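# Per-entry structural report
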Amino acid sequence: MARVFNFSAGPAMLPEAVLRQAREEMLDWRGSGMSVMEMSHRGKEFMSIAQEAEADLRSLLGIGDDYKVLFLQGGASTQFAMVPLNLAGRTGKADYLNTGSWSKKAIGEAKRFCTVNVAASTQDTKYTRAPAQAELNLDPGAAYLHYTPNETIEGVEFPYIPDTGDIPLVADMSSTILSRPIDVSRYGLIYAGAQKNVGPAGLTLVMVRADLVGQAMAQTPAMLDYAVHAENGSMYNTPPTYAWYLAGLVFKWLKDLGGLEAMAAVNQRKADRLYAAIDGSGFFRNPVDPACRSWMNVPFTLGNPELDATFLSEAKKVGLVTLQGHRSVGGMRASIYNAMPEEGVRTLIDFMQDFERRYG
Ligand SMILES: *Cc1c(COP(=O)(O)O)cnc(C)c1O
């Protein structure tokens, strides 16, 4: 069996050790005589899996007791609606930063439920940088400010946490969560689809300050109300049990690695090497402001776009797959999330340098 280095933006690679353990436990989870997929979500076996996963996530991120941690379904895209439904009612207005494709989608959805003030936009410079704090045009009446710390498609990352004073900060961390330590206490709410850095698709993490729960608009469906999920320990209905279990294995893997400081050191090394290789070449190019370059998603173009197909097919032959850029941006994109080994990035750089020698 040959595993490839998969640079997909999501679903993304999972740590091989996690997949091996899941295989080991597939038919008989620790003497239960059944797979985790077959367990009652309310039985003591699954309850122990669920509680341990939450405890590990809390310790990895240093999440305080004043935050609820929810294990939901529907992906980050469902959060685009849940956030305004639950948080915007207080004033009917919310601030959004338009910094890339995902924040733009979040804005589009929020407009169904509240008045959106776009407090900053980098659309006119093709989303190649993050706006500075001084550029943020904050509305003092906003119920919250929503932003996307890492724009997965454009490869742009905020080098700072926006300061909103007392206004709750809401972050879509789908493509950056667990890539490094974060100060959760700076946020009112953090959400993330799992399929990039956490586990399989089908699970969505939400960390929300407890005082923000319980303010949903009257018409909010039960399944979209944070209070309903919080009161029921994320088991108002059947949760995505197997994805929750796998996320728990990923949390253990991160703890064994030394936690998020250790993960951050690896991620920074991977990103630094790849950007240095791009910048040091006369052939590859990354358009993002160096101060705002993503550690997780690295878009790059070739000196001659007619070589794109050749690049992709030759890369595949050496086990480097899913490097094509998003259809809206073109070129290439290497997503190098937590589970991408350093060897994968080294192999990619070697391939790029060889490709440039032959075609550049
Ligand atoms: C992938 C992604 C989404 C969409 O996630 P789904 O789980 O597919 O809804 C939203 N925001 C960001 C930043 C993403 O990277």
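Our subject is the structure that appears above.
What comes next concerns the included structure. Just so we're clear, the structure is a prediction, and the values are computed from it rather than from any experiment.

Cut-offs and rules
Residues numbered from 1 in each chain as written. Predicted model: local features only at pLDDT ≥ 70, side-chain atom pairs only at ≥ 80, totals over all residues. Heavy atoms only, no water. Pairing = 2+ DSSP bridges. Helix = DSSP H or I, 4+ residues; strand = E, 2+ residues; numbered from the N terminus. Contact = heavy atoms within 4.5 Å. Axes fitted to C-alpha atoms, helices over the stretch in contact; angles between N-to-C directions. Phe/Tyr/Trp six-rings, centres within 6.5 Å; stacked < 30°, edge-to-face > 60°. Buried < 20%, exposed > 50% of the residue type's maximum accessible area, 1.4 Å probe, protein only. Salt bridge = Lys/Arg side-chain N within 4 Å of Asp/Glu carboxyl O.

Next up on the list: the sheet that holds strand β14 (residues 332-335). Strand order in the open sheet made by the three strands is β11-β12-β14, with antiparallel pairing throughout. Strands with a single pairing partner mark the edges of an open sheet, and in this sheet they are β11 (284-285) and β14. Bridge count for β11 against strand β12 (residues 297-302) is two bridges, and the pairing is antiparallel. Counted as the bridge partner of F284 is L302 from β12. Contacts from helix α7 (residues 259-279) reach β11, β12 and β14, with the element oriented near 15° to β12.

Remark: the centre distance and the inter-plane angle together describe each pair of aromatic rings, the angle taken between the planes. Applying the stated rule across the entire model yields 17 aromatic pairs. An angle of 80° between the planes, with centres 4.9 Å apart, marks the rings of Y147 and F158 as edge-to-face. Note that Y147 is positioned in strand β5 (residues 145-147) and F158 in the loop between β7 (156-157) and β8 (169-172), a separation of 11 residues in sequence. Comparing Y147 with F158, the two get one shared label, buried. Ring geometry for F283 against F284: centres 4.9 Å apart, planes inclined by 85°, an arrangement best described as edge-to-face.

Moving on: the pattern of salt bridges. The full count for this structure, using the stated rule, is 17 salt bridges. Where E342 meets R273, a salt bridge forms, and the shortest distance between an N and an O atom there is 3.5 Å. With E342 in helix α9 (residues 342-359) and R273 in helix α7, this pair connects stretches of sequence that are 69 residues apart. R273 sits in the partly exposed class, given a relative accessible area of 37%. With its nearest N and O atoms 3.1 Å apart, the salt bridge here joins D354 to R358. Note that D354 and R358 are positioned in helix α9 at a spacing of four residues, about one turn of the helix. Classification of D354 by relative accessible area gives partly exposed; the value is 29%. Where salt bridges share partners, they join E52, D56, K252 and K255 into one cluster.

Don't take any of this as a statement about function, it's just geometry.
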